[in-house]
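# Geometric and topological summary
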Amino acid sequence: MDPVQAGEIQETEPPVTDGAGPDPALVGGLALVVLVIGVMVAMTLRRSTPPLELPSTEAPAEDRVDVEPSEPVGEELQAPTAEAGDLPAPSVGLLERFRQALGRSRSAFQQSLERVLGRPDDDEALQALEDALIQADVGVSTAQRLIEAVRVAARQSGADGQELRSVLRQEMLDILQPVHRPFEADGSPFVLMVVGVNGSGKTTTIGKLAHRFREDGRTVLLAAGDTFRAAAAEQLQVWAERTEADFVRLDEGADPGAVIYQALERAQSQSHDVVIIDTAGRLQTRKPLMEQLAKIRRVIQKRVPDGPHETLLVLDGTMGQNGMSQAALFNEATPLTGVAVTKLDGTAKGGMVLAIAAELELPVKLVGLGEQARDLRDFEPEAFVDALLS
Ligand SMILES: Nc1nc2c(ncn2[C@@H]2O[C@H](COP(=O)(O)OP(=O)(O)O)[C@@H](O)[C@H]2O)c(=O)[nH]1
Ligand SMILES: [Mg+2]
């Protein structure tokens, strides 16, 4: 076994956010993506569940997932509205929450979109739409590409608003679809390694995935590869218990490679279907920690030569464009196969989904829309784009 040195994992600092207060001038533009994501939530529900009234009484204490919030970064998060796992996805509630959050800015933005589609030859209107896209964190180059497509179509054919809307739609799909890959759990066992900075939502996403796999009748083992803090393993253990998943951990400070090796050995001897490996949060700028990811990968391959079958980067959706450099550096450290964007329920920066596809050519496979077990959705480009444009 190629040992990964114990204690090599150091505490990572919370990722730097821009810290600037909200600029009132941006609010209208930012509102777009909140609206978009809200609609997207409704449209991307693969497993649509009927809306239920929230119970007036709390779930029994033993059923609760009291995960320790590990230094959440970025914008303030919404408080959870229901106990994990016991309720269907509150899609109607989420949509309502988005609507409430938007207020006046929502109608202001809709006006600017309509203005562009009604008068596409109006440079000022096009500039305003470009600004709105940039403020929604699609990235400058992607915003320019989209606006250019509209400008060209308007010049060529004098197309009307409806046609321009479909030009914009197609251009967005041309960005998303070529890199899109659905999240699929192939492999025996299917080995999923989850990486990202501290607080991005790795452990929570793992818990949600465990929930999903268990609902599909698969056996799951969770490996506590984040050995830096005991609380990290405990948080994962709560998810393991709640989802009735098998669980492997070692003492705080233990060699993460040892945890992973033991976990895979156990999964193979027990014929588990799925192994999900949690890893310590690490800043993308800390080279030794990033190199450790390559070592962990080698440990996995000692037991499962074709693994990991999926290496998922968990990105905090509230980071917007700041998440882009993270993604690029993680991808250099260990080959990523997909991205999960979390906390899209609490941000207006969901445009980063387009930037990830356009600039990094990485597929966004999953989106996190809340803290509860069922708040994880498959990403679907068409639903995303249609939600944006209609
Ligand atoms: N609102 C919201 N909160 C989330 C989401 N995913 C994770 N979180 C919260 O973000 C915080 C950090 O998550 P955690 O899984 O501990 O991050 P880790 O350090 O990467 O393992 C916790 O408070 C989670 O409940 C999401 O999709 N929406
Ligand atoms: Mg964690």
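Structural notes, computed from the coordinates. Counting restarts for each chain: residues are numbered from 1 in the order of the written sequence. Ligands are numbered from 1 and chains lettered from A, in the order in which they are written. Since the coordinates come from a predicted model, pLDDT governs what is reported: local features require at least 70, and pairs of side-chain atoms require 80 or more to be given and counted, while whole-chain, interface and lining totals use all residues. Where side-chain values are given, they derive from all heavy atoms of the structure, hydrogens and water being excluded.

## Things to note about the environment of arginine 229
Note the cut-off: Runs of E in the DSSP output that reach at least two residues are strands. Runs of H or I that reach at least four are helices, and both are numbered from the N terminus.
With respect to the helices and strands, the residue arginine 229 is situated in the loop between β2 (220-225) and α7 (230-243). Sequence spacing of arginine 229 and glycine 253 is 24 residues, and the spatial spacing of their C-alpha atoms is 7.3 Å.

## Overview of the packing of aromatic side chains
Counted only if it meets this: The rule is short: rings of Phe, Tyr and Trp, with Trp giving its six-membered ring, pair when the centres are within 6.5 Å, and they are stacked under 30 degrees, edge-to-face over 60, tilted in between. The buried label goes to any residue with under 20% of its type's maximum accessible area, the exposed label to any with over 50%, and the partly exposed label to all in between, with areas taken from a 1.4 Å probe on protein chains only.
All told, the structure shown has three aromatic pairs when counted by the stated rule. For the ring pair phenylalanine 183 and phenylalanine 190, a centre distance of 6.1 Å and an interplane angle of 80 degrees mean the geometry is edge-to-face. Using a relative accessible area of 0% as the deciding quantity, one classes phenylalanine 190 as buried. Measuring from centroid to centroid gives 6.3 Å for phenylalanine 183 and phenylalanine 213, while their planes differ by 40 degrees, and the two rings are tilted. Taken as a pair, phenylalanine 183 in the loop between α5 (161-176) and β1 (190-195) and phenylalanine 213 in helix α6 (residues 202-215) lie far apart in primary sequence, 30 residues in all. Each member of the pair, phenylalanine 183 as well as phenylalanine 213, carries the same accessibility label: buried. Three or more aromatic residues joined by ring pairs make a cluster, and in this case those are Phe183, Phe190 and Phe213.

## Quick notes on the nonpolar core
Quick note on the threshold: Nonpolar core, defined: a set of buried Ala, Val, Leu, Ile, Met, Phe, Trp, Tyr and Cys residues in which side-chain atoms within 4.5 Å join the residues together. Whether two residues are in contact is decided by their heavy atoms, any of which lying within 4.5 Å being enough.
Within the largest apolar cluster, 65 residues are counted, with the highest numbers of intra-cluster contacts made by Leu176, Ile300, Phe330, Val341, Ile356 and Val364. For this core, the element with the most residues is helix α11 (residues 352-360), which contributes seven residues. Sequence-distant contacts of valine 364, defined by excluding residues within four places in its chain, comprise His180, Val339, Val341, Val353, Ile356 and Phe379. Grouped together as the second largest cluster of nonpolar side chains are 26 residues, Phe190, Trp239, Val274 and Ile276 included.

## Regarding the site of ligand 1
How we decide: The rule for a residue being near a molecule or strand is that one of its heavy atoms must lie within 4 Å of it. For the purposes of these results, a polar contact is taken to be a pair of N or O atoms within 3.5 Å, where, inside protein, one atom must be able to donate a hydrogen and its partner to accept one; residues adjacent in sequence count only when each atom of the pair is a side-chain atom. Here the Shrake-Rupley method, with its probe set to 1.4 Å, supplies the accessible areas, and only the displayed protein chains count as covering residues. Note that domain bounds follow an automatic or database assignment of domains.
The immediate surroundings of ligand 1 are formed by 20 residues, with Gly199, Lys202, Thr204, Asp345 and Glu371 found nearest. Take threonine 203: an N or O atom from its side chain is 2.8 Å from an oxygen atom of ligand 1. Protein chains bury 97% of the 580 Å² of accessible surface belonging to ligand 1 in isolation. When residues in the shell around ligand 1 are grouped by element, the largest group, four residues, is from α6. No fewer than three residues from each of domain 1 (25-46 + 69-179) and domain 2 (190-381) sit in the shell around ligand 1.

## Regarding the sheet that holds strand β8 (residues 376-378)
Test applied: Strand pairing is assigned whenever DSSP identifies at least 2 bridges connecting the two strands. Here an angle of 0 to 180 degrees is reported between the N-to-C directions of two axes, which are lines fitted to C-alpha atoms, with helices fitted over the stretch in contact.
With mixed pairing, eight strands are arranged side by side in an open sheet as β3-β2-β4-β1-β5-β6-β7-β8. Edge positions in the open sheet fall to β3 (246-248) and β8, since each of these has one partner strand only. Neighbouring strand axes in the sheet, compared pairwise and without regard to direction, differ in orientation by 25 degrees on average. Judged from the five bridges that link them, β1 and strand β4 (residues 274-279) form a sheet pairing that is parallel.

## Here's the deal with unusual backbone geometry
The amide bond that connects serine 188 to the next residue, proline 189, takes the cis arrangement and shows omega of 0 degrees. Counting through the fold element by element, proline 189 comes out in the loop between α5 and β1. Of the consecutive residues glycine 307 and proline 308, the connecting peptide bond is found in the cis state with omega at -10 degrees. Relative to the assigned elements, proline 308 resides in the loop between α9 (287-303) and β5 (310-316). The backbone of glutamate 244 sits at a positive phi, close to 55 degrees, despite the residue not being glycine. Position of glutamate 244 among the secondary structure elements: in the loop between α7 and β3. Looking at glutamate 244, the relative accessible area reads 62%, which means it is exposed. In this structure, lysine 343 is a non-glycine residue whose phi angle is positive, near 60 degrees. For lysine 343, the position within the fold is in the loop between β6 (338-342) and α11.

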